[in-house]
Amino acid sequence: MPQRNLGSLTVSALGLGCMGMSEFYGPGDDAESVATIHRAIDLGVTFLDTADAYGPFENERLVGRAIAGHRDEVVLATKFGIERDGDRRGINGRPDYVRRALDASLQRLGVDYIDLYYQHRVDPTVPIEETWGALAEAVTAGKVLHLGISEASPATVRRAHAEHPVTAGQYEYSLWSREPDQQILPLLRELGIGLVAYSPLGRGFLTGEITSPDQFAPDDFRRGNPRFQGENFTRNLDLVAEVRSLAEDRGVTPAQLALAWVLAQGADVVPIPGTKRRTYLEQNVAALDVALTPDDLAALEKLAIGTDVAGTRYAEATMSQLGR
């Protein structure tokens, strides 16, 4: 398995997003999810991503069970900052909360330290220096080895980095989510921070396997996502059709082509496609063998720039929490 560097942290070139194993994408199967994590480790996909908000809490427990006996083989990333109480969600960056959240995550995961600990969302009521002061204390205590931040504005990333080095920034990044290209990716490279690309397959849309919203389970979060609704869904199928056409010309799946594009954006970019099935994991890993030519990249670049993706990445309430 090729390796890549996120700042000073070395990880597998492809990671595994574990969120969907516990929530958001229909019913899960814990046994198959654990088997998927074990298969990932066997294949060298050792960069595992979770968060206390997933479940909530259940995904960390699941990952903890899966990596028992394998701790030294994985690079473990989790997040704090989204508080959940039933259907209510809040953002919390207070130092006392950081300490409590970290200790709780360590317990659920069954580990003594976390390799990469992210601030999941930025709390606008707490100066970032206070949040990151508490995180720096956690590094000094040996509970965390590296720090990351997710969906933060360039100014906030710079301020956090001044308090303690940021190893990785996690942002949605794919053929249909190119926002990091504008300001975030240049800033991360200026500061020596890696980019972790979540939802590199457009929440499954870029696989070409989603043809109707009726395919989603009743509790699938995509039913309420603007890009998967009404006319937006129909318009976005045009992008998928073009990706499928290019993939067929290359003899690969649309998912593999989409992942290969993300991987080609730089050695400091690590996609973490999520899956809860071994079959899809193995297909995703095969994307590492897809060598895109300059003509391939040019065609995909033209497609990515020229396609008017319909709908925002999240519903309005969630979008308001991004870029703080």
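Residues numbered from 1 in each chain as written. Predicted model: local features only at pLDDT ≥ 70, side-chain atom pairs only at ≥ 80, totals over all residues. Heavy atoms only, no water.

1. Concerning the pattern of salt bridges
No. 1: The final tally for this structure, using the stated rule, is 23 salt bridges.
No. 2: Linking Arg313 and Glu179 is a salt bridge whose minimum nitrogen-to-oxygen distance equals 3.9 Å. Taken as a pair, Arg313 in the loop between α10 (294-306) and α11 (316-319) and Glu179 in the loop between β10 (168-172) and α6 (184-191) lie far apart in primary sequence, 134 residues in all.
No. 3: Put simply, Glu151, Glu172, Glu179, Arg203 and Arg313 are held in one network by salt bridges that share partners. (Salt bridge = Lys/Arg side-chain N within 4 Å of Asp/Glu carboxyl O. Helix = DSSP H or I, 4+ residues; strand = E, 2+ residues; numbered from the N terminus.)

2. Side note on the sheet that holds strand β8 (residues 114-119)
No. 1: The strand order β3-β4-β5-β8-β9-β10-β11-β12 describes an open sheet built from eight strands, whose pairing is parallel. Looking along the sheet, the strands with just one partner apiece sit at the ends: β3 (15-17) and β12 (269-271). Put simply, the sheet's adjacent strands are angled 25° from each other on average, direction ignored.
No. 2: Examined bridge by bridge, β8 and strand β9 (residues 144-150) share five bridges and lie parallel to one another. Paired with Tyr118 across the strands is Gly148, a residue of β9.
No. 3: This element, α6, spans β10, β11 (194-198) and β12 of the sheet and lies at about 145° to β11. (Pairing = 2+ DSSP bridges. Axes fitted to C-alpha atoms, helices over the stretch in contact; angles between N-to-C directions. Contact = heavy atoms within 4.5 Å.)

3. Some thoughts on the layout of surface pockets
No. 1: Looking at the second largest pocket, its volume works out to about 250 Å³.
No. 2: Lining the second largest pocket are 15 residues, and of these Glu151, Tyr171, Glu179, Ile184 and Gly323 sit closest to its centre. (1 Å grid on protein atoms, 1.4 Å probe; cavity = no way out; pocket = protein on both sides within 12 Å on 5 of 7 lines; lining within 4 Å. Points joined across faces, edges and corners; volume = space filled by probe spheres on them.)

4. Structural notes on the pairing of strand β5 (residues 75-80)
No. 1: Here β5 lies mainly inside the structure; six of its six residues are buried.
No. 2: Taking every second residue as pointing to the same face, both faces of β5 are buried, with Val75, Ala77 and Lys79 on one and Leu76, Thr78 and Phe80 on the other.
No. 3: Note that strand β4 (residues 47-49) and β5 share three bridges and pair parallel. Bridge pairing links Leu48 to Leu76 in β5.
No. 4: As for the winding sense of the linkage, the β-α-β connection from β4 through helix α2 (residues 58-67) to β5 is right-handed.
No. 5: Where β5 meets β8, four bridges bridge the pair, whose relative direction is parallel. Its bridge partner being in β8, Thr78 is matched across the sheet by Tyr117. (Buried < 20%, exposed > 50% of the residue type's maximum accessible area, 1.4 Å probe, protein only. Right-handed = clockwise from strand over helix to strand, strands pointing away.)

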